[in-house]
Each structure stands twice: as C-alpha cells, then as structure tokens.
Amino acid sequence: MLSKSQARNFFLGFTVLFSGTFLALTVDSIRQVPARSHEDQMTAQVVAGKEIWETNNCMGCHTLLGEGAYYAPELTKVVERRGEGYLKMFLRDPQAMYPGRRKMVQYNFTPEQIDEVIAFLTWIGKIDTNGFPAAPDLAPLAGASTK
Ligand code: HEC
C-alpha cells in the first residue's frame, strides 16, 4: 500500500514526466512541419487552387488528407494516380468521363482555374503523410476478374 505522501509523489512525478514527454513530442512534430509539408513550394498558384477548393465546397463530397465527406473519391494522391492530363480533361467536363454514373459537378472552370486546382492537388500530394492513404489492395479483385 502507498502512503498518502508516496501516492502524491507518484502522481506528481509521473504527471511531470508525461507532461514533459508530451511537450517534447509536440515541439518535435511542429519542427518537422515545414519540411514535411514542403511549404516553401506553396506558390501563388497553389494558394489560388486552395481558394477554389474552399469556395466551391469540394469537401462537401471529397476528402483531402482524410478530411471531408465520403461521397466521392479521396483526392490526396489523385495527381499521382490519374496524371495531370486526365485531370485537366476531367475538370473541363467531368460528366464526359463517367456518363450516367455518380456525378461530379460541372464547375465551368477556366483553363487557369483548372491549372490552379491541379497545382493545389499536386502540392497536397507531395506532403509527407507517412504513407496515407494506403494504396488499395487489388489482389482480391485480380482473382475475381479471371473467373
Ligand atoms: C456533389 C459532389 C461533388 C463535389 C461538390 C465535388 N466533386 Fe469531385 N467528384 C465527385 C464524384 C461523384 C466524383 C467521381 C466521379 C464518378 O465516379 O462518376 C468526383 C471526382 C473528382 C475527381 C477525379 C477523381 C478520380 O479519382 O478520378 C477530381 C480531381 C475531383 N472530383 C475534384 C473536385 C474538385 C476540385 C471539386 C471542387 C471544385 C470537386 N471535385 C467537387 C463529386 C463531387
């Protein structure tokens, strides 16, 4: 059994230890942000793309870095996955790519705005996210398609 003063010292000691650990880890995370987010590459075009992203409620359907709504595909790695050429075509006329399926809004973006959106999504895609989102495991589908 701990005496009262032992219990108090136990409580205080570990409170200090874990608060210190928490603070150290927080400082360490914050120090890594500039390198991991490569914020030095945040050009005016990237910023304009983010503004388009925010003013058109893209998050109402999509997620970026896992945040947003789950109606439409996660877009963190979309540039890597689809390539710029595909995205330019898609953003010009989304419905041409998927006739009769779930619909992405036709925003009638100008070519400059499309470039801005793609610049923003490219920048997002280069953030070091510790591997998020994981690549989909397509092995089960590969088996199914041969039957
Ligand atoms: C009303 C819901 C909705 C909104 C709002 C929306 N999208 Fe989409 N988006 C979709 C759907 C649905 C798809 C997938 C198309 C399909 O499967 O038919 C899609 C697909 C995409 C794709 C291609 C994804 C891929 O993997 O091929 C990109 C890029 C994209 N949207 C960007 C945007 C941007 C940028 C905005 C905001 C300017 C936006 N979306 C707003 C519904 C939406």
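The preceding data block contains the structure.
Residues numbered from 1 in each chain as written. Predicted model: local features only at pLDDT ≥ 70, side-chain atom pairs only at ≥ 80, totals over all residues. Heavy atoms only, no water.

Peer 1: With reference to specific residues and values, describe the overall build of the chain.
Peer 2: The helix and strand inventory of the chain stands at seven helices and two strands. Counting from the amino terminus, the chain carries its helices and strands in the arrangement α-α-β-β-α-α-α-α-α. Viewed in the frame of its principal axes, the chain has a C-alpha envelope of about 75 × 50 × 25 Å. When the 147 residues of the chain are sorted by exposure, 21% land in the buried category. Across the chain, the fraction of contacts at a sequence separation of at least 24, relative to all contacts at a separation of at least 6, is 56%. Surface exposure of the chain reaches about 10500 Å², of which carbon and sulfur atoms provide 62%. Charge centroids of the chain, computed over 15 positive and 15 negative side chains, lie 9 Å from each other. (Helix = DSSP H or I, 4+ residues; strand = E, 2+ residues; numbered from the N terminus. Buried < 20%, exposed > 50% of the residue type's maximum accessible area, 1.4 Å probe, protein only. Contact = heavy atoms within 4.5 Å. Areas by Shrake-Rupley, 256 points an atom, 1.4 Å probe, with all protein chains shown as cover. Lys, Arg positive; Asp, Glu negative; His and termini not counted. Charge placed at Lys NZ, Arg CZ, Asp CG, Glu CD.)

Peer 1: Can you explain the site of the ligand? Please cite residues and give values.
Peer 2: Around the ligand there are 25 residues in total, and C58, C61, H62, R81 and M104 lie nearest to it. Here H62 contributes a side-chain N or O atom positioned 2.7 Å from a nitrogen atom of the ligand. Between an oxygen atom of the ligand and a side-chain N or O atom of R82, the distance comes to 2.7 Å. Those elements giving two or more residues to the shell around the ligand turn out to be α3 (78-82) and α4 (84-92). (Near = heavy atom within 4 Å. Polar contact = N/O pair within 3.5 Å; in protein donor to acceptor, adjacent residues only side chain to side chain.)

Peer 1: Can you lay out the coordination of the iron atom of the ligand for me, pointing to particular residues and giving the numbers?
Peer 2: Those donors, H62 (NE2) and M104 (SD), are the protein atoms that reach the iron atom of the ligand, and they lie 1.9 to 2.1 Å from it. Because the angles between the six donor atoms bound to the iron atom of the ligand fall within 87 to 179°, the donor set is best described as octahedral. On the criterion of sequence distance, the pair formed by H62 in the loop between α2 (44-55) and β1 (63-64) and M104 in the loop between α5 (94-97) and α6 (111-125) is long-range, its members being 42 residues apart. Its relative accessible area of 9% is what places H62 among the buried residues. (Donors = N, O, S within 2.8 Å, 3.2 Å for Na, K, Ca; no water. Tetrahedral: all angles 85-135°; square planar, octahedral: opposite > 155°, others 65-115°.)

Peer 1: Describe in detail unusual backbone geometry, supporting the description with residues and values.
Peer 2: Here the amide bond leading from F132 into P133 is cis, since omega sits at -10°, within 30 degrees of zero. Positionally, P133 belongs in the loop between α6 and α7 (139-145). Positive phi, close to 55°, is recorded for L65, a residue that is not glycine. Mapping L65 onto the fold places it in the loop between β1 and β2 (67-68).

Peer 1: Hey, could you go over the environment of P94 for me, with residue numbers and the actual values?
Peer 2: Tracing the chain through its elements places P94 in helix α5. Note on P94: relative accessible area 2%, which makes it buried. Through-space distance from the C-alpha of P94 to that of V105 is 7.1 Å; in sequence the pair is 11 residues apart. Apart from residues lying up to four places away in sequence, P94 is in contact with M104, V105 and Q106.

Peer 1: Go over the nonpolar core, please, and point to the residues and values.
Peer 2: Grouped together as the largest cluster of nonpolar side chains are 21 residues, with contacts concentrated most on W53, L64, F120 and L121. Counting residues per element, this core draws most heavily on α6, at eight residues. Sequence-distant contacts of L64, defined by excluding residues within four places in its chain, comprise W53, M59, E74, L75, T76, F120, L121 and I124. (Core = buried A, V, L, I, M, F, W, Y, C linked by side-chain atoms within 4.5 Å.)

Peer 1: Quick one: what's the story with α6, residue by residue and with numbers?
Peer 2: For α6, spanning 15 residues, the distance from its first C-alpha to its last is 21 Å, which sits close to the expected 21 Å at 1.5 Å a residue. Buried residues of α6: I114, V117, I118, A119, F120, L121, W123, I124 and G125, and no others. Buried residues along α6 sit against α1 (4-37), α2, β1, α3 and α4. (Expected span 1.5 Å × (residues − 1).)

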